[in-house]
Amino acid sequence: MHTTTTKLTMTKKKLLLINPQSQHRTGFALTRSSKYIPLGLGIIAALTPKNWDIELIDELFEPFTYRDADLVGFTSFTSNINRAYELAAIYRKKGIPTVLGGIHATMQTQEAMQYMDIIVSGEAEEVWPQLIKDFENGELKSLYKGDHIDLKKVPIARHDLWHKDHIFGSIQTSRGCPMNCDFCSVHKFNGNR
C-alpha cells in the first residue's frame, strides 16, 4: 500500500498594531521629547507567535496610511480613543477584525464594543496568546478579560518595531498603586500592588 503525505502550507498572518494620535495633538504628544513609546504594543508583539508578520504604526511619528492585515490591534487612552475608532472603521468595512486594549477599553468596555470587534479588558498579556489561538481557529470572542499578571511572566517588548525617532526608551518595573485616589484609574486598572 502506497500512502502520500500532503504538506500543508500555511500562509503567514499579519498583525498590524496601531498607536493612534490624539486629534487635539496636545498633552503628552505636544513635544518630541514627550512622545512615549507604546510599550504595551511592543509587549503584545513579543507575545505573538513567530509565524506572524508584525508591523506597528505610531501616529506620533508618522501619518496613518492603510496597510493590509489579517488582524489589527489598537491601544488607547481616552484622549485618543476617537482616532482609534476612526481607524478601526476602515478595517471593519473591509472585514478585518479589530482589537482594542488599554485603559479606555477596560473602563468603557460597552462603549468600545460598539466600535471594535474584540475588546481586551484588563491586562492583555494574560489573554493575548488565547486570542491569537482563537483567531487562528476561527473562534474569536468579542471580549477577553485579563487579570493582573506577575511581571516576571511578561516578555521583553519588541523594541525593533518602534519608530526610529523615539528619543528615549521605556521599561516597566511595576504596575499598580497602593493609593486609592478617586481621580485616578491606575489602581482600578492595574491593582493596588
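See above for the structure.
Residues numbered from 1 in each chain as written. Predicted model: local features only at pLDDT ≥ 70, side-chain atom pairs only at ≥ 80, totals over all residues. Heavy atoms only, no water.

## Quick word on the pairing of strand β5 (residues 118–122)
Step number 1: Burial analysis of β5 places five of its five residues in the buried class, which makes it a mostly covered element.
Step number 2: Bridge count for strand β4 (residues 98–101) against β5 is two bridges, and the pairing is parallel. Bridge assignment links Val99 to a residue of β5, and that residue is Ile118.
Step number 3: Direction of pairing for β5 relative to strand β6 (residues 143–146): parallel, over a ladder of four bridges. Opposite Gly122, over in β6, you have Gly146 as the bridge partner.
Step number 4: Following the backbone out of β5, through helix α5 (residues 128–136) and into the adjacent parallel β6, one traces a crossover that is left-handed. (Buried < 20%, exposed > 50% of the residue type's maximum accessible area, 1.4 Å probe, protein only. Helix = DSSP H or I, 4+ residues; strand = E, 2+ residues; numbered from the N terminus. Pairing = 2+ DSSP bridges. Right-handed = clockwise from strand over helix to strand, strands pointing away.)

## A word on helix α1 (residues 39–47)
Step number 1: Of all nine residues that make up α1, seven are buried, and the element is covered over most of its length.
Step number 2: Buried within α1 are the following residues: Leu39, Leu41, Gly42, Ile43, Ile44, Ala45 and Leu47.
Step number 3: Residues of α1 that are buried make contact with β1 (13–19), β2 (52–58), β3 (71–75) and α5. (Contact = heavy atoms within 4.5 Å.)

## Describing the environment of Arg67
Step number 1: Its location among the elements puts Arg67 in the loop between β2 and β3.
Step number 2: Measuring from C-alpha to C-alpha, the distance between Arg67 and Leu16 comes to 7.9 Å, with 51 residues separating the pair along the chain.
Step number 3: Apart from residues no more than four positions distant in its own chain, Arg67 is found in contact with Lys14, Leu16, Glu55, Ile57, Glu62 and Tyr91.
Step number 4: Here Glu55 takes part through its side chain, which lies 2.8 Å from a polar atom of the side chain of Arg67.
Step number 5: A polar atom in the side chain of Arg67 sits 3.0 Å from the side chain of Glu62. (Polar contact = N/O pair within 3.5 Å; in protein donor to acceptor, adjacent residues only side chain to side chain.)

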